[in-house]
Each structure stands twice: as structure tokens, then as C-alpha cells.
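If you want the building blocks of each chain, they are given just below.
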Protein chains: 2
Amino acid sequence: MAYKNIDYKKTKELITKIFNAYGFTSEDSDIITDILLAADLHGIESHGIQRLIRYHKAISEGVVNVHAEPEKLIETPISAVFDAHGAMGQVISYAAMKLAIEKAKITGIGMVTVRNSNHYGIAGYYSKMASDEDLIGVCMTNTEAIMVPTFASKAMLGTNPIAVAMPADPTPFLFDAATTVVTRGKVEVYNKKEQPLPMGWTLDEKGLDCDDPGKVLYNIIHRVGGGILPLGGSGELHSGYKGYGFAMLCEIFTAILSCGTTSNHKTDRSDTSHCFWAIDYGIFGDKKEIRSNMSRFLDELRNAPKAEGADRIYIHGEKELESVADKTKNGIPVNEKTFGEIQDIAASLGISSAEYIGAKF
Amino acid sequence: MAYKNIDYKKTKELITKIFNAYGFTSEDSDIITDILLAADLHGIESHGIQRLIRYHKAISEGVVNVHAEPEKLIETPISAVFDAHGAMGQVISYAAMKLAIEKAKITGIGMVTVRNSNHYGIAGYYSKMASDEDLIGVCMTNTEAIMVPTFASKAMLGTNPIAVAMPADPTPFLFDAATTVVTRGKVEVYNKKEQPLPMGWTLDEKGLDCDDPGKVLYNIIHRVGGGILPLGGSGELHSGYKGYGFAMLCEIFTAILSCGTTSNHKTDRSDTSHCFWAIDYGIFGDKKEIRSNMSRFLDELRNAPKAEGADRIYIHGEKELESVADKTKNGIPVNEKTFGEIQDIAASLGISSAEYIGAKF
């Protein structure tokens, strides 16, 4: 599919206007747009502007409640639990991480869980909110079931990403990984290219190894069975039960600790659970010393001997931060389909998109 | 190699006597022995009684200081940091998790890090200490470097296990996993059997995929280069950078947050770092409700549709708890080499092992 770059700043103005037109406050529209476009800037297209159409539908159908008033069910000096009551995922999540950060600054740690929320964008956005404040940030979310546990034939867990951010110089450590071996997006790419999948990525409806992306996607959409494997792949040979275990941690810290809905019971309604932790690492010693140790360690990794044929060892987050620098300057790539969707959505809300992203693809 | 079962209770008496003879107090000898044999009971032979010879050497050579006095460097209501000053890993680790548990009972969370410690046995022992008290337990340790980061050719990270325990009925969720795709022990098994390794487990000294267990072990022992891959394997195809990322989390929460020694700088001296967290999940709601939700979720996983050819879906910890029940009753399997080592060590300390484990293999 053809891609073209659209200006980041102009696009941001347009998308903010769109969310404003749905009825979100100016502040909330800014937050939603910033998080949505952060995905594109970071090079995670699946969670970026191409998802606008899905948010549009969810808002139009009332799955996302623009005027939801999230309710704080529980609060202690180090924790809180929210019922989002169907709010836009980004709005409640931004507030929840803000609260975790506030608590961490007072007590050393803040751990906030949220239930009955919606898709919130990239997990790494929220963990980075904490590292931007010189704290350690942790963020997880469950999702609709797509991961098949070891020895099962049915998806019971979500992609269940775990994101952790730790301050360092010159750039922070930013880890953000689905606990599935790959995301659905990668299976879709193989399907478009009509290429067989690498073994160890997916299972068919019988729970057997499968390299047919079309079949896997059909099975997922029609809930026939099978799905994507945990990190570590099929069976026990490459320790797939470890990826299954990490997905369980995500489920425990989100759905179980918010009395929310576990991935295997999720529908397409507002029943997503998240967690947000901020930790002031000063409770473990001198922050300058710890931060400098961390920075030195990352440098040692960067400078470790390379594998034959490899020219660089990456620290988690480096690729993404370089992508941000590039795309802020050179624009965000959008494909023709997404471009058309933005035009249509803007038009349906009485907004002219041409002055922001041009009239033609 | 031939195995025979030795009685658990009698063996425990003998091993306690041995640690007593080294000069450990009765209380510390009990703790060390309980943790050491817990590995055998759980079916994790690599961390059990076969390691006695290594502890014996470390104690004899003064690497482990029997009379070490660990020092509490920092303490807040929710955290503490210890310098173990070369103490036996099990002794300081038991104390550290006890302190984390005490703090969690008062404030909701306790996070304790330890530096300058030694090998502490199985990580899952300590996380289970918390779940036995109806808390969530987390425990990690770094180890000598054996994991090669994505695109590197040199081991820079340890096996870096992450253990998390969460109470549930009828049995708790007990996750304990090295973040390498496999442990060194598995490579040793393939070497003994003279079988090629599955691709995706190890790299040679050039950082290239390698299926020769003898070569990999030689390279590890002689620090030539290469080593074991992170969970997710080689390069990016099966997302090995995720396993590399999880190993980084372990390094951050142990060595970085104790100002200790990162795996790439570890020697065979006392420079291991650990962390111990206990979380009272009551800070997130009614404990009965949360525990019952967790138990129901685990049941749903157990009862999910099975893959063709599979007869059971395991919850993390189930295999190990069943092994404990079996071996407590039927004895611990030891091989001839280990049996001889126990005899020799006991004799060198003036203890007759015959009355505990028999005179002959």
C-alpha cells in the first residue's frame, strides 16, 4: 500500500479538533491526540492514527462514553482503583498515571489499577510519563483474548503488554513488549504479502502449529479457536510457558487487582483493565548514583562485542526515540486507506481536513 | 547416570548438621537447608542438593562468609537496601523477604534490595514466602553473565530469573522463570546425551546460531564468547529482544536498585544482587473477592479446550507442587556423583552420613 508523510504538527491540530468535535474537553482532546500520535511517532503504526476509525466507531456507538465520569473506588497513600465507566482509555489512563506519580513523589510508590476502560494506545506512553519525572514507570493492560496458553487450543489471554521505563542518560530505558511472540499486526502483514508464517508464531483451531496467516486471522475473527503463541512459542521446547507466565502477570496486575474482566471474558464493550505504577527510585539510594550506574550499564551494553553481521546493539526504546526525532521533523507516514478515513471522519464532523493534511493523497 | 531416592526428612537432618558444622547458627542452618532441599522437592535438581559441593567450596574458600553481618544501608517505611557483606545467599535473602513482608503488612508494600550476596537457591522460594502470608511476592536475582543480548556476541546478562507468587485456591500461582530461553543445565543435558541443541537456544563465540552443546559449554567456561539466548531466541524473528528486555528488568530491580554489581561485571566472589517485594493486595480491594476471582480465573485456564494431543493445561507452580507432594513422601532422587559428594563433605566435617542416607549408593 502507498504511504505519504503528513506534517506532525498540522495533523495534531486536526486530530485534536476531531476529538473536540466528539464532545471531549480541550484538555482531554489534547491528551488523546498526543497519545494517539505518539504511536505513529514511535513507529508503532498499529496503535496510531490508523486506529482513528476504530475510536470513531466506538464513540459513535457509545462504547466509549465521551462524558463518562470515572469513579475512584479505593484509595490509600500508595494505591488507588478506578472504575472508568466506559471512558476513553487515554483519558482515564493519563489521569491514573498522574495520580500514581503524585503518590510516588510523596510515599515513594503509587500503584493504580483501572477497570471498565477502553483501548488506551501504547503502554509505553504511560510508563514514560513516570520516567519523564525521574521515576520508574510500569504500565500494563489486558486486551481481548488472542494468546493461546501452552497446551491449549483456545485463546484465553490478551497480547498483554508490559511496559517499564527507567531514567538514564542520554536517553531512558523504555521497554514495551506484548507478551505474545508477535502481535496480530505482524500476522496481517504476512497475510497481505501472501507469505507463510514462521513456525512458532501461531496455532490453528486444534492447537497445532500453523503457518497460514489467512487461516489464523479467519479463526481469530470468527472465534473458531487457535490464535497467537506466547513469547517462547509452541509447547515447551523454547519455553512458551514463560511467555504465558508473563501474560499472567499482566492479567493479575490489571484485571485481578482491579476486580475487572479477565481477557478470556472480554467483549468489544468497555471492559479493559490497566495498571500504572510509579516508583521513586530514591527510596533505594542516591538518585544521582543510581541514574549514573544505569547510564553506564546501558553504555556497556551498547558497546558490547557485536554478532557477526550485526552493526549495532540496541537499548530498549532507542529505535523508537530515533523514530520520534525523524517523524517530528519529516512527518508521519500514513497509507491511502487511513488518509481517506481521516478525510471522511473530519467531513462527518464538519471539519475541513484539507488545510491540515492536504486535499489529495 | 543412576539415581536413587533418599528420605527427605533424614536428608534434611543431615544437611542441617553439615551447615551447623560450618559454623552457621541452628536457625540459619535450618533456613539454608530448607531452601536448598526445596529445589529438589520442586524438581529443580540444578539448584538442589547437587549444588552442595559448590556451597562447600565457597564456604571453605571464604567466598561465603559464615559470620558475615549484613548491613542495612537504607530504610524507609516501604523499602530497604542491604549490603550482605558476603553472607550465605539464603540467610540474607530469607531475612530480606521477611522484612519486605513485615513492611507490606504495615504499609501495603515492602521492596528490599540486596547487594554483595551469594547464590540464593531458587527465586520461587522467596516469592512463595509472601504468598504463604496471603500477599503477592516478587523475587529476582542477577547471576554471572551467560545471556547474549540481541545482536551481541558476548554474554552480558545473567539467567536473571523473575519469580512472582499470587495466592489462590486450591493452590497459589507460582511463576519462576529464567529470562534466558533455557538454563545452562539443559545445555549440559544435551551435551551428556551427545545430541545437537535445538536452534534458537545458543550462540557461538561469533554470535551466530549454534547447535553444538560441547562448544557452547567450552566457550562459557573459558569465557571465549557466545552463550545462551534470551527467551524469544536469536535476532528479531521470534522477538528475542523481549527476553533481553525482561532480563534488563531483573538487572534494574536487583543490581541497579542496590548499587550492586551488574551481571557483566560479576566474578565468582560475593557480588550477587537480589530483590524481594511483598504486596498486600488488600490495597486494591476486598481480599476475599480478589482471591476468589483469581482462583476462578485459574480454573478457567485449567479447563480451557486442550490442544490436540495434550491432556492438561498447567497453571504455573502446579507441576512443582505435585513434585513436592511426591518427593516428601517417596524421597528425593540423587545421582551417584552427588551421593558421593555428600558422603565426602559429611566425613570431612566428622559427620557420619550413613545413618541418614545409608552407607552405599
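For the structure, check the block above.
Keep in mind that what you see is a predicted model, and the values were worked out from it rather than measured.

Regarding the relation of the copies chain A and chain B
Here is step 1: The two copies are related by a screw motion: chain A maps onto chain B through a turn of 180 degrees and a shift of 0.0 Å along the axis, at an RMSD of 0.0 Å. Taken together, the turn and the small shift mark the pair as related by a two-fold rotation axis. Relative to the rotation axis, the closest C-alpha in chain A is found at A:G232, a distance of 2.5 Å.
Here is step 2: Here 100% of the interface residues in chain A have copies in chain B that are interface residues too; the copies meet face to matching face.

Some thoughts on the interface of chain A and chain B
When the parts of a complex come together, some accessible area is lost, and that lost area is often taken as the interface size.
Here is step 1: Listed as interface residues are 89 residues of chain A and, on the opposing side, 89 residues of chain B.
Here is step 2: Linking chain A with chain B are two salt bridges.
Here is step 3: Where A:K319 meets B:E236, a salt bridge forms, and the shortest distance between an N and an O atom there is 2.8 Å.
Here is step 4: Where chain A touches chain B, the interface holds 30 residue pairs in polar contact (both at pLDDT 80 or more).
Here is step 5: No other element matches helix α8 (residues 240-254) of chain A, which puts 11 residues into the side of chain A that touches chain B.

Concerning helix α7 (residues 213-221) of chain B
Residues and elements named next belong to chain B.
Here is step 1: Among the residues of α7, those classed as buried are P213, V216, L217, N219 and I220. The arc enclosing the buried residues of α7, seen along the axis, measures out at 160 degrees, which places them on a common side.
Here is step 2: Here the buried face of α7 lies against α6 (184-192), β8 (202-203), β9 (209-210) and β10 (227-228).
Here is step 3: Regarding α7, its N-cap is D212, as a side-chain oxygen of that residue lies 3.0 Å from the backbone nitrogen of G214 further along.
Here is step 4: Taken from the residues just after α7, R223 is the one with a positive phi, measuring 50 degrees.

Remarks on the pattern of salt bridges
Residues and elements named next belong to chain A.
Here is step 1: For the structure shown, the criterion picks out 40 salt bridges over all chains.
Here is step 2: Between D134 and R291 there is a salt bridge, and its shortest N-O distance comes to 2.9 Å. With D134 in the loop between α5 (123-131) and β5 (136-141) and R291 in helix α9 (residues 287-302), this pair connects stretches of sequence that are 157 residues apart.
Here is step 3: According to the relative accessible area criterion, D134 is partly exposed, its value standing at 23%.
Here is step 4: Its relative accessible area of 24% is what places R291 among the partly exposed residues.
Here is step 5: Because the salt bridges share partners, they merge into one network encompassing D134, D169, D280, K287 and R291.

Regarding empty space enclosed by the protein
Here is step 1: Using the criterion set out here, one finds one cavity of 30 Å³ or more in the structure.
Here is step 2: Its volume calculated, the largest cavity comes out at about 200 Å³.
Here is step 3: Around the largest cavity, the lining is made up of 16 residues, and of these A:M140, A:L249, B:M140, B:L249 and B:F253 lie nearest the centre.
Here is step 4: The set of elements that each furnish at least two residues to the lining of the largest cavity consists of β5, β6 (162-166) and α8 of chain A together with β5 (136-141), β6 (162-166) and α8 (240-254) of chain B.

Section: the nonpolar core
Here is step 1: A:M166, A:F173, A:F253, B:M166, B:F173 and B:F253 are the most contacted members of the largest nonpolar core, which has 120 residues in total.
Here is step 2: Other than its neighbours up to four places away in sequence, B:F173 contacts A:G245, A:M248, A:L249, A:I252, B:V164, B:A165, B:M166, B:M294, B:L298, B:I315 and B:H316.

Concerning the sheet that holds β10(B)
For sheets, the rule is that strands pair by backbone hydrogen bonds, running either parallel or antiparallel.
Residue and element names in this part refer to chain B.
Here is step 1: Strand order in the open sheet formed by three strands is β9-β8-β10, and the pairing between neighbours is antiparallel. With one partner strand each, in any of the chains shown, β9 and β10 form the two edges of the open sheet.
Here is step 2: Alignment of β8 against β9, held across two bridges, turns out to be antiparallel. Along β9, the bridge assignment pairs T202 with C210.

Regarding the packing of aromatic side chains
Here is step 1: Counting across every chain of the model gives 25 aromatic pairs over all chains.
Here is step 2: Each ring, one from A:F253 and one from A:W277, has its centre 5.0 Å from the other, and the planes form 85 degrees; the classification is edge-to-face. Here A:W277 lies in strand β11 (residues 272-279) and A:F253 lies in helix α8, a separation of 24 residues in the sequence.
Here is step 3: Taking the relative accessible area as the measure of exposure, A:W277 reaches 5% and is therefore buried.
Here is step 4: Among the aromatic side chains, those forming a connected cluster through ring pairs are A:F173, A:F175, A:F246, B:F173, B:F175 and B:F246.
Here is step 5: When the ring centre of A:Y314 is taken as origin, the NZ or CZ atom of A:K319, which lies over that ring, is 4.7 Å away.

Conventions we followed
- Residues numbered from 1 in each chain as written.
- Chains lettered and ligands numbered in written order.
- Predicted model: local features only at pLDDT ≥ 70, side-chain atom pairs only at ≥ 80, totals over all residues.
- Heavy atoms only, no water.
- Least-squares fit on C-alpha atoms with pLDDT ≥ 70 in both.
- Contact = heavy atoms within 4.5 Å.
- Salt bridge = Lys/Arg side-chain N within 4 Å of Asp/Glu carboxyl O.
- Polar contact = N/O pair within 3.5 Å; in protein donor to acceptor, adjacent residues only side chain to side chain.
- Helix = DSSP H or I, 4+ residues; strand = E, 2+ residues; numbered from the N terminus.
- Buried < 20%, exposed > 50% of the residue type's maximum accessible area, 1.4 Å probe, protein only.
- Arc of directions from axis to C-beta.
- 1 Å grid on protein atoms, 1.4 Å probe; cavity = no way out; pocket = protein on both sides within 12 Å on 5 of 7 lines; lining within 4 Å.
- Points joined across faces, edges and corners; volume = space filled by probe spheres on them.
- Core = buried A, V, L, I, M, F, W, Y, C linked by side-chain atoms within 4.5 Å.
- Pairing = 2+ DSSP bridges.
- Phe/Tyr/Trp six-rings, centres within 6.5 Å; stacked < 30°, edge-to-face > 60°.
- Lys NZ or Arg CZ within 6 Å of the ring centre and 35° of its normal.

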